[in-house]
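# Geometric and topological summary
Here's the letter readout for the chains.
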Amino acid sequence: MPIAITPQDVLIVVDMQYDFLPGGNLAVTGGDEIVPLINTLARKFTNVVLTQDWHPANHISFASNHPGKAPFETIELPYGTQVLWPDHCVWMSHGAQISADLDIPQAQLIIRKGYNPRIDSYSGFQEADRETLTGLAGYLNERDVDRLYMVGLATDFCVGWTAIDGAAAGYDVTIIEDATRAIDNAGSLERAWADMAEAGVERVLSKDILG
C-alpha cells in the first residue's frame, strides 16, 4: 500500500532554481528531469514549502570573490570549512528564480537562505554558522505538522542539510530519493547519505507514495 499522506504532512521543495538546472551556473546533472515528478508528488500534499538560494554578488562562498581560488576549492571560515562555488542564485537574477515549470500553486511559503554575505546556507532551517535560524522551524511548529518529505536539489548539499536539521528539530523526515539529484563532488553524496542515516532521516521512492 502507498504511504498515506495526510494534511499534517509537509513537502519541502529545495532550491529548484534555474542556476541549478541545465544551463545554469551550478547545474546539477538531471536537475530538470525531476520537475514533472515533483509536480505529481506535490498534488498529494496540502502543505508545501519552497526554499530558495538567494545570494548577494559579494557572497563569501563565491570563488570569484577570493583571488587565486577556483570553484570547488575550500577555505576556512569562522564557522568551518567552506566550499567555494561558481557565482549562482544572485539576487534578482534569472538564475535565482524558481523554475516556472514547477506547478505547485498551493505552496504557502518560500524560505530564502544565503542572503547574508558572510555566511553560506545550505539548510532551509539554519545557516552554516549553525546559529542563524531561517524561521522555518517556527513556521512548521505553528502549523502543527507531523512529517516532512523532501525533494529537490542537490541531494548532497541543500537537501541533505535541510533533512538533517529537520530531524534535529524533532520532525520525522523522509527524502523522496528519485525526486532529488546530486552534485556528488569528491564523494559528497555517499557522505551525505551516511550523515542523513545517522540523523534518522528515512529514504523512500516516489512509487512508495504514488503507488
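Residues numbered from 1 in each chain as written. Predicted model: local features only at pLDDT ≥ 70, side-chain atom pairs only at ≥ 80, totals over all residues. Heavy atoms only, no water.

A few words now on the sheet that holds strand β7 (residues 172–181). Sheet strands pair via backbone hydrogen bonds, and the direction of the pair is either parallel or antiparallel. Here we have six strands laid out as an open sheet, ordered β5-β2-β1-β6-β7-β8, and parallel in their pairing. Bordering the open sheet on either side are β5 (109–113) and β8 (202–204), each of which pairs with just one other strand. Looking at each pair of strands side by side, their axes are set apart by 25° on average, direction ignored. Bridge count for β7 against β8 is three bridges, and the pairing is parallel. Bridging across to β8, I175 finds its partner in R203. Packing against the sheet, helix α3 (residues 155–168) makes contact with β1 (10–14), β5, β6 (147–153) and β7, and its axis sits at approximately 165° to β6. (Pairing = 2+ DSSP bridges. Helix = DSSP H or I, 4+ residues; strand = E, 2+ residues; numbered from the N terminus. Axes fitted to C-alpha atoms, helices over the stretch in contact; angles between N-to-C directions. Contact = heavy atoms within 4.5 Å.)

By the secondary structure assignment, Q8 is in the segment before β1. Put simply, Q8 and L148 are 140 residues apart on the chain and 9.1 Å apart in space, counted from C-alpha to C-alpha. Contacts of Q8, omitting those with residues within four sequence positions, involve D144, V145, D146 and R147.

Moving on, we come to the layout of surface pockets. One number sums up the size of the largest pocket: a volume of about 370 Å³. V83, Y122, D156, F157 and W161 are the residues nearest the centre of the largest pocket, which is lined by 19 residues in total. At the level of secondary structure, the elements contributing two or more residues to the lining of the largest pocket comprise β4 (80–83), α3 and α4 (188–199). Here the lining of the largest pocket gets five residues from one element, more than from any other, and that element is α3. In terms of residue class, the lining of the largest pocket is made up of nine nonpolar, six polar and four charged. (1 Å grid on protein atoms, 1.4 Å probe; cavity = no way out; pocket = protein on both sides within 12 Å on 5 of 7 lines; lining within 4 Å. Points joined across faces, edges and corners; volume = space filled by probe spheres on them. Nonpolar A, V, L, I, M, F, W, Y, C, P; charged D, E, K, R; others polar.)

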